[in-house]
Structure formats: structure tokens, C-alpha cells
Amino acid sequence: KAGVTQTPRYLIKTRGQQVTLSCSPISGHRSVSWYQQTPGQGLQFLFEYFSETQRNKGNFPGRFSGRQFSNSRSEMNVSTLELGDSALYLCASRPGGGYTGELFFGEGSRLTVL
Amino acid sequence: GQQVMQIPQYQHVQEGEDFTTYCNSSTTLSNIQWYKQRPGGHPVFLIQLVKSGEVKKQKRLTFQFGEAKKNSSLHITATQTTDVGTYFCAMDSNYQLIWGAGTKLIIKP
């Protein structure tokens, strides 16, 4: 079974630009969540989607948004990039519903904002 | 909001020495998960603890969940170079994981 796939793996943007990151979950997994990882703040929850519905959102500004498609693939978008948005963005999937077990992570998308 | 405190931030050990990381919460946890992240990698699930006082072992790794379900620990016996990485605890709450800050295991040369 293929794992969680994130694209792109690396990207460099400049301040003020916007970026879209993509995540394909493990086949059959309907829950997709996104995390931001920085050396200073650790792993911070962005949002979680299940069956195209956002069930929870972390404490991030409105510049951070996401969506999930009917095939469970998810995208997140960051608009008006700031230097502080430089981070590793991790996507994770799990079967969903009421399942509260293991999160399966992708390799991440490393964003550098110049 | 809910928080999980994890200590220490770093632990330097000689290869063969033991390693322990601790997580504490002010609130009762429904469960706690442990992940390992190798340098340059992504978090990989190790285990989930659910029951009060639970102790689980995976080879040289021992995981404990406190009786009051407010604390947990991970102990590695006789560390090896393959153990290098950052170990995170995380609590599951409302479709998200709330993460400890992680403990970085560093093997002294």
C-alpha cells in the first residue's frame, strides 16, 4: 500500500506570494490533517478534514486555508507569504470517522520564504 | 488550551547508556501516542497507550502511562546509533494531536 504522498517536497517563494501544497492520503483513509513544524514552535496543528468537511482548525491566521476533495486528496494554501511561514508542512492521514489511532505522515513539503 | 509538557529538550548519552523522556499534562488524557522523527525525516508512530498504568515494551523501548493518565514516559535501554532522533509524545483531542516539544536523543561521539 502506498504511503502518504506530498508534493512538492521543496519550494522557495518570496514574501507576498502564495503557495499551494498537495497531499494524497493512504488509500482508504478519509481523514487528512496538516501540521506545521518549525524549530521554534514544534509541531502545530493547522486543520483536519474528513469527507470534505473541516472538522477542526488550529490557531493560524486566515491566510492558511485548506480543502479536501471527494477522493480524499487534500490541498492547503498559504496566501501573502511571510518570512515566518518558512517551515516543514506535514500532511497525515488515518482511516477517519471516530478512529483515534496512528497518524501516518508524509515526507513533508519544506517551504522557504525569502 | 490543552498542553503537553515534555522534558528534557535534549539528552546526550554515550552509546549503550539509557535514555528517558517524560510527558506531563494538567488534564486527564484519553490516550497518548509516541512518535519518533529521525533527522530530516517525518514523525513515525511508535505506540499508543490507552489504559491507566499501562506498560508496553517494544524490544529496548518501554512505554508507560501513569495511573492518573496525566503523564507518560518512554525509556530506551542501551541506546544504539539507530535510536538517534527526536521523540515526541502527543495527545489526541478533537481530531487533532497536541504535541509535546520533543526530546532530542544525541549520541556522544
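Our subject is the structure that appears above.
Just so it is clear, the structure is predicted and the values come from calculations on it, not from any experiment.

Novice: Would you mind going over the interface of chain B and chain A in detail, with residue names and values included?
Specialist: Each side of the interface is counted separately: chain B has 17 residues, and chain A has 18 residues. Between chain B and chain A lies a buried interface of about 1500 Å² when both sides are counted; carbon and sulfur atoms form 52% of it. The interface formed by chain B and chain A holds one salt bridge in total. Taken together, the connections running from chain B to chain A amount to seven residue pairs in polar contact (both at pLDDT 80 or more). Of all the elements in the fold, those that place two or more residues in the side of chain B that touches chain A are β4 (32–37), β5 (44–49), β9 (85–93) and β10 (96–99) of chain B. Residue classes in the side of chain B that touches chain A are distributed as seven nonpolar, nine polar and one charged.

Novice: Account for the layout of surface pockets, with residues named and values stated.
Specialist: One number sums up the size of the largest pocket: a volume of about 1200 Å³. Looking at the largest pocket, it is lined by 44 residues, and the ones nearest its centre are A:Gln41, A:Gly42, A:Leu43, B:Phe88 and B:Ala101. If you list the elements that add at least two residues to the lining of the largest pocket, you get β4 (31–38), β5 (42–50), β6 (53–57) and β9 (87–94) of chain A together with β1 (4–7), β9, β10 and β11 (103–107) of chain B. Across the lining of the largest pocket, the residue classes tally to 18 nonpolar, 22 polar and four charged.

Novice: So what's going on with the environment of A:Phe104? Which residues, and what values?
Specialist: All names here are of chain A. Mapped onto the fold, Phe-104 is located in strand β10 (residues 104–105). Exposure remark for Phe-104: the relative accessible area of 28% places this residue in the partly exposed category. Spatially, the C-alpha atoms of Phe-104 and Arg-94 are 6.3 Å apart, while their sequence positions differ by 10 residues.

Novice: Now, about the pattern of salt bridges: what can you tell me, with residues and values included?
Specialist: Residues and elements named next belong to chain A. Applying the stated criterion across every chain yields a total of eight salt bridges over all chains. Notably, a salt bridge pairs Glu-48 with Arg-55, separated by 2.7 Å at the nearest N-O pair. Measuring nitrogen to oxygen at the nearest pair gives 3.3 Å for the salt bridge that ties Glu-75 to Arg-73. Owing to a relative accessible area of 16%, Glu-75 belongs among the buried residues under this scheme. Under the relative-accessibility criterion, Arg-73 is labelled partly exposed at 24%. One connected set of salt bridges, linked through shared partners, spans Arg-63, Glu-82 and Asp-85.

About the thresholds
Residues numbered from 1 in each chain as written. Chains lettered and ligands numbered in written order. Predicted model: local features only at pLDDT ≥ 70, side-chain atom pairs only at ≥ 80, totals over all residues. Heavy atoms only, no water. Contact = heavy atoms within 4.5 Å. Buried area = accessible area lost by both parts, 1.4 Å probe. Salt bridge = Lys/Arg side-chain N within 4 Å of Asp/Glu carboxyl O. Polar contact = N/O pair within 3.5 Å; in protein donor to acceptor, adjacent residues only side chain to side chain. Helix = DSSP H or I, 4+ residues; strand = E, 2+ residues; numbered from the N terminus. Nonpolar A, V, L, I, M, F, W, Y, C, P; charged D, E, K, R; others polar. 1 Å grid on protein atoms, 1.4 Å probe; cavity = no way out; pocket = protein on both sides within 12 Å on 5 of 7 lines; lining within 4 Å. Points joined across faces, edges and corners; volume = space filled by probe spheres on them. Buried < 20%, exposed > 50% of the residue type's maximum accessible area, 1.4 Å probe, protein only.

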